[in-house]
Every structure is written in structure tokens, then in C-alpha cells.
Amino acid sequence: MANLKYRLALIVGLLAASAWSLFPRTVVERVKRNGVFVYDTVNRVPLKRGLDLQGGMHLELEIDESKQAVANKSEALDRALKVVRQRIDEFGVSEPVVQKAGDNRIIVELPGIDDPERALELVQKSAFLEFQIVDKSQAFERVAPRFDEIAKNANIMVSSAKIAGGDTAKSVGVTSLLTQKTDSTKDSTGKAVAAVGKDSAGKDSTAAKAVAGGLFSTNVQPGQMPGMYVVPEAAYAAISQALALPAIQDAMPPGKTIRWGVDSLVNGAQRFFAFYVLDSRPIIQGDALTDARPNTDPVEGNVVQFTLNNEGARRFKSETGKHVKDNMAIVLDQRVVTAPVLNSAIGRNGQITLGGGSLQAAQDLALVLRAGALPVPLKVAQYGTIGASLGADSINKGVLALGIAMLLIVVILIGYYRFAGILAVSALLLYLIYTLAMLAGFHAVLTLPGLAGFVLSVGIAVDANVLIFERIREELDHGKSVRLSIDEGFRHALSAIIDTSATTILSGMVLYQYGTGPVRGFAVTLVAGLVASLFTAIFVSKTFFLVWLNRSRGVQTLSI
Amino acid sequence: MIRIFHNTTYHFLKHCRLAAGLTAAFIAAGLVTYVTTGGPNYSIEFTGGTLMQVQFKQKPDVAVIRSTLDQAGITGAEIQQFGTELDYTIRARDEKQVEAQAAGAEGISKKIVSALTQKYGAGAVSMVRTEAVGPKVGSELRSGAFKAMLLASLFTLIYLAIRFDWRFGLAAVLSTAHDILVTLAFIKLLNIEVSLTVVAAILTLLGYSANDTIIIFDRVRENLRKMRKGESLPEVLDRSINETLPRSIMTHATTLAATLALLLVAGEVIRPFAWVMAFGVFVATFSSIYVAGPILMYIESRYPRGAAEAQSRAIRAGTDAASAPAPSTARADRAKAR
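Source: prediction; values computed, not measured.

(A) View of the environment of Phe490(A). Residues and elements named next belong to chain A. Along the polypeptide, Phe490 turns up in helix H16 (residues 482-514). As a C-alpha pair, Phe490 and Ile468 span 22 residues in sequence and 5.5 Å in three-dimensional space. If we ignore the near neighbours within four places in the chain, the residues touching Phe490 are Ile468, Ile472, Ala537, Ile538, Ser541, Lys542 and Phe545.

(B) Examining the sheet that holds strand E13 (residues 289-297) of chain A more closely. All names here are of chain A. The three strands are arranged E13-E14-E17 in an open sheet whose pairing can be described as antiparallel. Across the chains shown, the open sheet's two edge strands, defined by having one partner strand only, are E13 and strand E17 (349-353). Adjacent strand axes in the sheet meet at a mean angle of 25° when their direction is disregarded. Two strands pair when backbone bridges link them, and strand E14 (residues 301-308) and E17 are joined in this way by five bridges, in the antiparallel orientation. Counted as the bridge partner of Thr307 is Asn349 from E17.

(C) Structural context of the packing of helix H9 (residues 233-265) of chain B against helix H11 (residues 292-302) of chain B. All names here are of chain B. Contact geometry of H9 with H11 gives a least axis separation of 10 Å together with a crossing angle of 155°. The angle between the axes of H9 and H11 places the two elements in the roughly antiparallel class. Our pair here, H9 against H11, has a crossing hand that is right-handed. In this structure, H9 uses Leu233, Pro234 and Leu237 to contact H11, whose residues at the interface are Gly293, Leu296, Met297 and Glu300.

(D) A look at the sheet that holds strand E3 (residues 84-92) of chain B. Read from one edge of the open sheet, eight strands run E5(A)-E6(A)-E4(A)-E18(A)-E4(B)-E1(B)-E3(B)-E2(B), paired in antiparallel fashion. Each edge of the open sheet carries a strand with a single partner, namely strand E5 (97-101) of chain A together with strand E2 (78-82) of chain B. Along the sheet, successive strands turn relative to each other by an average axial angle of 20°, direction set aside. Bridge count for E2(B) against E3(B) is five bridges, and the pairing is antiparallel. Bridge pairing in E3(B) links Glu78(B) to Arg91(B). Here helix H3 (residues 62-71) of chain B sits on the sheet and contacts strand E1 (49-56), E2 and E3 of chain B; the angle it forms with E2(B), its principal contact strand, is near 145°.

(E) Here's a closer look at the interface of chain A and chain B. Each side of the interface is counted separately: chain A has 63 residues, and chain B has 68 residues. For the pair chain A and chain B, the summed buried surface comes to about 5,700 Å²; carbon and sulfur atoms form 65% of the total. Together, Tyr383(A), Tyr416(A) and Tyr514(A) form the three largest contributors to the area buried by chain A at its contact with chain B, with a combined 11%. Viewed at the interface, chain B and chain A are joined by six salt bridges. Across the pair Arg247(B) and Asp463(A) runs a salt bridge whose closest N-O atoms are separated by 2.9 Å. On inspection of chain A and its partner chain B, the count reaches eleven residue pairs in polar contact (both at pLDDT 80 or more). Sorting the residues of the side of chain A that touches chain B by element identifies helix H4 (116-124), strand E18 (378-386), helix H14 (388-441), helix H15 (448-477), H16 and helix H17 (517-551) of chain A as the ones contributing at least two each. In terms of residue count, the dominant contributor to the side of chain A that touches chain B is H15(A) (17 residues). Counted by class, the side of chain A that touches chain B contains 35 nonpolar, 16 polar and twelve charged residues. In terms of strand pairing, E18(A) meets strand E4 (residues 125-133) of chain B through five bridges, oriented antiparallel.

(F) View of the nonpolar core. Core analysis: the largest hydrophobic core is formed by 102 residues, its most contacted members being Tyr417(A), Phe469(A), Ile472(A), Ile486(A), Phe545(A) and Phe273(B). Among the elements that make up this core, the one with the highest residue count is H14(A) (20 residues). Setting aside residues up to four positions removed in sequence, Ile472(A) forms contacts with Ser485(A), Ile486(A), Gly489(A), Phe490(A), Phe545(A), Leu558(A) and Ile560(A). Among the nonpolar cores identified, the runner-up in size contains 30 residues, and Leu59(A), Val70(A), Leu120(A) and Tyr383(A) belong to it.

Definitions and limits used
- Residues numbered from 1 in each chain as written.
- Chains lettered and ligands numbered in written order.
- Predicted model: local features only at pLDDT ≥ 70, side-chain atom pairs only at ≥ 80, totals over all residues.
- Heavy atoms only, no water.
- Helix = DSSP H or I, 4+ residues; strand = E, 2+ residues; numbered from the N terminus.
- Contact = heavy atoms within 4.5 Å.
- Pairing = 2+ DSSP bridges.
- Axes fitted to C-alpha atoms, helices over the stretch in contact; angles between N-to-C directions.
- Parallel < 35°, antiparallel > 145°, perpendicular 65-115°, else oblique.
- Left-handed = near helix turned anticlockwise from the far one by under 90°.
- Buried area = accessible area lost by both parts, 1.4 Å probe.
- Salt bridge = Lys/Arg side-chain N within 4 Å of Asp/Glu carboxyl O.
- Polar contact = N/O pair within 3.5 Å; in protein donor to acceptor, adjacent residues only side chain to side chain.
- Nonpolar A, V, L, I, M, F, W, Y, C, P; charged D, E, K, R; others polar.
- Core = buried A, V, L, I, M, F, W, Y, C linked by side-chain atoms within 4.5 Å.
- Buried < 20%, exposed > 50% of the residue type's maximum accessible area, 1.4 Å probe, protein only.

None of the figures reported here should be taken as evidence of function without further support.
Below is the structure:
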């Protein structure tokens with residue numbers, strides 16, 4: 001019975017390989033210890049648990065074409081993928097998933113993230129850094145009447161109730177804003193309040209000059225530097241809506257562009273938003289950056305110091321030299337972070353003042369800049385976070401469901417097929433181990449739907465055995481010998497088993513192709529389960545029968 | 001040896017009109033519900049929006065949650081109890097807000113949490129999960145799911161046409177289409193939320209139902225090859241169904257057992273999936289007997305195959321290639337001429 005020996009050897013060999021591939025092993029990984037990321041040796045089971053089973057966040061990023069047309073998306077995405085991966089690595093997450101999906105999307109999965117907001121910011125930040133000179137030619141004042149007209153035609157206006165509120169606060173608000181120093185872009189409640197009264201008469205005349213009736217002339221006030229304008233909160237929505245109109249974009253003075261500031265300005269109960277008119281041609285962009293580090297400056301607070309490459313430095317020096325005494329806006333992701341006055345030409349090294357931003361914000365900005373700017377702006381198409389509490393709970397429930405399902409199936413099988421049922425159950429146990437090992441081999445991520453698919457595949461896996469057993473029973477009914485019945489039973493059941501598995505595997509592949517995240521996990525478990533069930537139902541249980549036949553030669557009856 | 005439904009001689013196909021009426025009524029009921037209550041209850045993945053699951057320390061009043069959110073400027077949010085009486089899901093579908101969130105502005109989920117924290121005090125509300133999906137992704141997912149279903153059906157059709165005969169393939173695919181309709185009706189009647197997981201369940205059930213049909217058809221193919229004298233196709237179909245009945249009962253029982261385990265203990269997240277699968281076990285059984293069979297009969301009555309052709313197909317199918325007598329060309333021609 002050499003044949004039998006080979007069969008058994010194959011089963012045992014596969015079992016050993018499966019056990020080996022499922023055994024936990026040690027890997028060196030960046031992990032969080034007491035809030036700090038360190039490299040450490042940790043013990044990991046090869047089967048990754050999906051986000052829904054351990055908590056964390058799932059992000060899908062796609063190219064934001066509203067900001068910039070992209071010619072070769074797929075290639076741009078490949079480069080973006082590298083940058084995102086690098087950022088994630090620096091952020092320090094164990095077992096992150098960063099992969100391309102289709103040719104316009106990147107999927108990021110960050111298990112065990114305890115600060116989703118920060119992670120979201122970090123990944124999403126395209127770090128599209130530009131240095132642009134702030135316009136001082138009053139370009140906006142020249143086109144404001146035209147803007148008013150366009151806004152009126154497009155029927156964009158501020159609701160009257162809001163205007164009333166805006167007007168009463170305006171005279172105080174704007175004046176006090178004007179008294180502030182250059183760091184006006186931050187949320188500066190304290191300072192603004194302190195500044196009220198001091199120098200209040202200041203530039204009220206400039207504020208009055210703009211009032212003429214239209215959306216822009218009523219609501220937009222000049223800020224404390226040429227090219228900067230402030231808008232009360234009540235009018236912000238209408239103004240930003242109007243600024244996004246194509247007609248307004250067309251009416252912009254040539255070579256100028258409008259960008260909002262990153263933060264709002266608060267004065268008492270009133271909140272203002274600032275926008276800037278900038279030269280649209282940037283002096284340099286983020287790709288000229290070679291290094292960026294966070295630092296704390298005794299005067300400026302938290303800053304990010306950056307270093308430029310040779311070409312960037314040369315260009316930066318000559319351009320900043322031309323614009324001494326002008327304001328230069330540092331624009332990150334199309335929003336003005338700050339716009340300091342250039343006191344002299346700046347060469348290779350410069351710094352970005354965060355003006356009151358936290359050290360963590362400085363660290364994140366430096367990290368984003370250092371890890372490289374994204375070649376294309378990305379936006380979040382989808383994101384989700386799941387608390388670890390849900391994870392632990394769902395794992396327990398899933399495992400319990402699996403246990404109960406197995407128990408029911410074992411009872412049904414052994415109750416109905418007796419001895420043959422025991423063989424089938426042993427084959428089923430091997431099925432479980434093989435499938436898990438295969439999933440580990442695929443680097444599959446175990447998700448809750450995946451687990452459900454697994455439970456279900458156990459139910460379906462039994463089908464192959466049932467088909468075979470019923471055939472054997474039929475053959476026995478025809479009065480064939482036990483040995484012949486077993487052979488014929490397996491042989492006749494084969495075509496149905498193969499046809500059904502083939503169609504299910506085809507569907508599973510379609511699911512994998514068009515599914516995302518959990519559905520893919522489900523498809524992988526389904527297909528892996530089927531392959532394993534084909535092997536155990538046809539090969540393993542046949543081998544068990546052969547072993548049994550071998551041990552009890554000349555047997556006349558079969559308990560099936 | 002315990003045997004159930006052994007050597008049965010039920011006349012399944014006799015009742016095919018009744019079955020057709022029943023299933024048509026069920027589908028019609030589903031359709032009416034779709035028309036009267038609007039389209040499917042799509043999950044956040046399809047509609048776009050923000051979904052949050054929050055857990056309260058103490059049982060909250062839904063009306064209070066709603067007014068709190070309204071005050072925070074999140075109007076029209078759906079608030080639903082989820083599992084225990086402390087867990088709630090809050091769904092905001094405002095597309096503008098979702099877009100604002102994607103653009104990196106103040107997140108709507110943050111807003112919700114801060115509004116609830118303000119109302120109930122710090123620590124009384126905790127966020128279990130959030131999901132935010134742009135509306136574009138939603139439409140992509142929908143077309144993706146649709147494409148997956150079409151492709152899966154197409155592959156099944158092609159596979160069966162090659163392995164069996166186009167008649168079998170068509171009957172199987174049409175019965176699968178029936179399953180989709182019935183399942184959609186079921187989903188609507190139970191008001192199950194259509195999420196990606198539910199789509200996965202539908203696809204699984206299609207596979208499962210196709211399985212069941214194929215196993216019966218496999219037996220039909222085999223029985224056609226050794227057709228008894230004077231036996232008609234309906235009789236062969238009935239015989240095949242009866243012969244495979246013990247297997248069907250066993251397999252459906254084990255699958256149903258696994259599904260019930262999921263339904264009862266696997267928790268709220270997996271419940272819609274389990275419901276669809278549990279229903280799917282019944283649909284699969286029903287459709288492979290009462291839908292696939294009658295359709296095959298109908299196709300056969302419109303496009304009959306000659307005896308010779310049947311035999312040549314049996315040969316092409318392979319198993320009995322050596323023993324089956326080769327069909328004479330004359331008979332094959334006559335069959336074609338008919």
C-alpha cells in the first residue's frame with residue numbers, strides 16, 4: 001500500500017507546513033511603548049486581524065483633480081503611494097496597510113491608531129508647499145465691482161439676519177484686527193481683545209471706503225497688510241461660494257490668485273476669515289525642500305526650519321531679494337499658513353512660523369515636509385474608525401459563532417453518518433487548519449465579514465462530503481461491495497463537486513476584483529475555504545476511507 | 001443507518017404553477033414596497049455621508065439627541081438604536097458637510113461628539129466608530145456591485161454552457177436572477193440596510209444557489225444519458241430531484257445551522273449578512289427545484305434537442321465517452337432539420 005503511504009505523507013506534510021505557517025513568530029517592529037515609538041521585538045501571529053477586529057482606521061485617498069489636472073494618474077499615484085507609506089512609517093503604526101486600489105485610489109489601514117484625527121491630517125496633508133508673494137497692487141480693489149456683479153447674477157448673497165449681526169460687530173472687529181501684528185492668521189482671541197481700544201481710530205477710513213452695496217464691497221474689509229482681506233463669519237459661506245465660481249476665476253486680474261488663510265480670527269463674539277491675493281506664480285514649491293525640522297523659538301514660538309536644495313536656494317534668494325519689504329505667503333495645501341514681511345533676501349535656510357501652534361503641529365508639519373510633498377493633491381474619499389472595544393467584542397462573538405456552528409455541524413454529521421461522519425469531522429478539522437494556513441499565506445486580513453464567510457464555508461465544505469456519502473449509500477443500495485461503493489461514490493460525486501466549486505470560485509474572484517476592504521477579505525476566505533474543502537473532502541476523506549479499508553480487510557458493512 | 005427522504009417519489013414539478021404564483025407574489029410584494037417606500041435602504045457606503053456609532057453611559061432619549069444635533073447645525077440626521085439600549089448610530093447624509101470633511105475642515109463627527117459631550121457631560125458619550133464616505137465612492141460601489149453580479153452570472157453561464165449545455169446554463173442563470181429578485185424583495189420587506197456586507201451575502205447566496213442547481217442538473221444530465229423507456233423530461237427532473245433530496249436536506253441543514261449560529265450570536269454588525277444568508281438557504285432550495293427545473297422544461301419545449309444530440313452532448317461532457325455509441329450523422333441531421 002505504497003500509494004496510501006504517500007497519501008498520508010502528503011496530508012501530514014501539509015499539516016506540518018500549516019502549523020508552521022500559523023505559529024507565532026518574532027518580528028522587529030516599530031511599536032508604541034508608553035507613548036513613544038521604538039523598535040522592538042514582538043510576537044505576532046501571521047494572521048492579521050482586520051480593522052474591524054482590533055480597532056483603528058481605514059482611509060481611502062484619491063487624487064483631487066479639482067485642484068490640479070493630472071495627466072498620468074496611475075503613475076502619479078505610484079509616487080504618492082511611496083510618500084504616504086513613508087509618512088505612515090514615520091508616524092509609527094504596527095502592521096499598516098498602504099496599497100493602491102485601481103488606478104485612482106490609495107487604501108491606508110492603520111490598526112490600533114489612538115489618535116485618528118491626527119493620522120487623518122497627516123496622511124491627507126498633501127504638503128503642497130508654495131511660497132508666493134502677496135499682492136500689493138490693490139488688484140482686488142480694482143476687480144471688486146466686477147465680482148459684485150457676478151455674485152449678484154449668480155444670486156449669491158448673505159441672508160439679511162446675518163448681515164445685521166455682521167454689521168454691528170464689524171466696526172469693532174475690523175479695527176481691532178487691524179491693530180494686530182503680522183501673526184494675524186492664527187486664532188488670536190486673547191491678543192485681539194487686549195488690542196481693542198489701543199490704536200482703535202487707526203484705519204477706520206480704509207474700512208469705510210469699501211462699502212458700496214455688492215456682496216464683496218459690503219462684506220470684505222482690508223486686512224492689516226496690503227493684499228490681505230477679512231470677511232466676517234456670517235458672510236464667509238457666501239464669499240467662498242462666490243470665489244469658487246468659474247466666472248469669478250475668469251475675472252481675476254492676470255497672474256493673481258486668491259487663497260484663504262488656514263485659521264479664523266476671533267474678536268470677542270465675532271469671528272473673521274482672511275483671504276489673500278497672491279502672485280499666482282510661486283517662488284518655489286515643496287519639492288525644493290531637502291529637510292524640515294521642528295524647533296521652538298523663544299520669540300516666535302514653535303517653528304519649522306527648512307533647508308532648500310541648491311537650485312531652490314538660488315531661486316529663493318534672488319526672488320526674495322527682489323521683494324524685500326513685501327509680504328511672502330507660505331501656502332500649504334492652498335491655504336496661507338502665515339505671511340511674514342521679508343526683511344532681507346533668504347537663502348538656503350528659512351523657517352515657517354506656526355504662531356502659537358502646538359509643538360505637535362510643528363512636528364507633524366516637519367514630518368510631512370521631510371517625508372516629501374505629494375506629487376498630486378489627494379483627498380479623502382472615504383474614512384472610518386473603529387474603536388478597539390467593538391473589535392474585542394466582535395472577535396469574541398465571531399469565535400463563539402464559529403464554535404457553535406462547528407458543534408452543530410459535528411452533531412449533525414456524526415448523528416447522521418455515524419462512523420463515516422467521524423471521518424468527515426476529522427477531515428473538517430484538517431480543513432480548518434489548512435484554510436487558516438492558506439489565509440496566512442495570502443497575508444489575508446481577517447475581518448468580521450471574513451469570519452462570517454469562514455463560518456459559512458464550513459457549512460458549505462460539508463456539502464462535498466455529503467455528496468460523496470450519499471453516493472456511497474446509493475452504490476451500497478445497488479448491492480455493490482463496500483470497497484467498490486466507496487470508489488464509485490467518490491468517482492460519481494466528483495463531477496458535481498468540481499462544477500459547483502468552479503462556479504463558486506469564479507464568483508469569489510469577481511468579488512475580489514470588484515470588492516474593497518472587508519468584501520475582499522470575505523472573497524479571499526471564501527476561495528481559500530473552497531480550495532481547502534476540495535482537498536479535504538476528496539483527497540483526505542478518501543485517504544481515511546482507504547486506511548479504514550486497509551485495517552479491516554474483507555469488511556462487509558460500512559457505517560455510513 | 002438513519003435515512004431521511006430516501007427513495008422518495010415526490011412530484012415536484014406538478015406544483016410548479018403554484019410555486020411560480022407564490023414567488024411572483026413575493027416579488028410583487030417587494031416591488032410594491034420599493035415603490036411605496038422609496039428605493040433600497042442603502043448604507044452609508046452607498047449614499048455617502050457620515051455614520052457614527054456612539055455609546056452612552058446611560059440610556060438617552062432619542063428626541064433629546066435629535067434636538068441637540070439640530071442645535072449644533074446637524075439637521076436631518078438619522079438616529080437609530082443599535083444592539084443594546086446604550087448604543088446608537090447617528091447618520092448624517094449632508095453631502096456638503098461630507099465634502100467639507102474630506103477637504104480637511106472641521107469634521108462633522110467631531111461636531112457631533114462635541115455637541116453630545118456638551119449636552120451629556122464629558123465621558124458620558126464615547127465614540128465607537130465613525131465612517132465617512134464621499135458621495136462619489138457611493139455611486140462607484142453601486143456600479144461595482146452591479147458589475148460583479150453581472151460578471152458572476154456571465155461566468156456561470158459560460159461555464160455551464162461549456163460543461164453542460166446552454167439550456168442548463170440559461171436555466172441556472174435565470175433561476176439565479178430570480179433569486180436576486182426574491183432576495184431584494186426580502187431585504188426590502190425586512191427593511192435590511194444594504195451595505196457592502198449584504199452585497200457580499202447576496203453574492204454568496206447566488207453562488208450557493210447556483211451550487212444547488214448545478215448538483216441537481218448534474219444528476220439530470222446523468223439521468224438523461226440513461227433515460228428509462230418512455231420517460232419524459234419532467235419525469236427525469238422529478239427523479240433527479242428526488243434522488244438528490246437527501247443530500248440537499250443534509251447540506252441545507254448544516255449551512256442553516258452555521259447561519260443560525262451567526263444570526264444568533266455573532267452580533268449586530270453581522271446580523272444583516274446572516275439574515276440574507278438564512279433566507280438564501282431557503283431561496284436556493286426553492287429555486288433549484290421550482291424555478292430552474294420548470295425553466296429548463298420551458299426552454300426544452302421551445303428548443304428541443306434530438307435524442308441524438310443529447311447523446312452527442314453526453315459524449316462531449318466526457319464521462320461516458322468510451323461506452324456511448326457514436327451518433328449516426330443521419331440522425332443528427334434529422335434532429336437539426338426539425
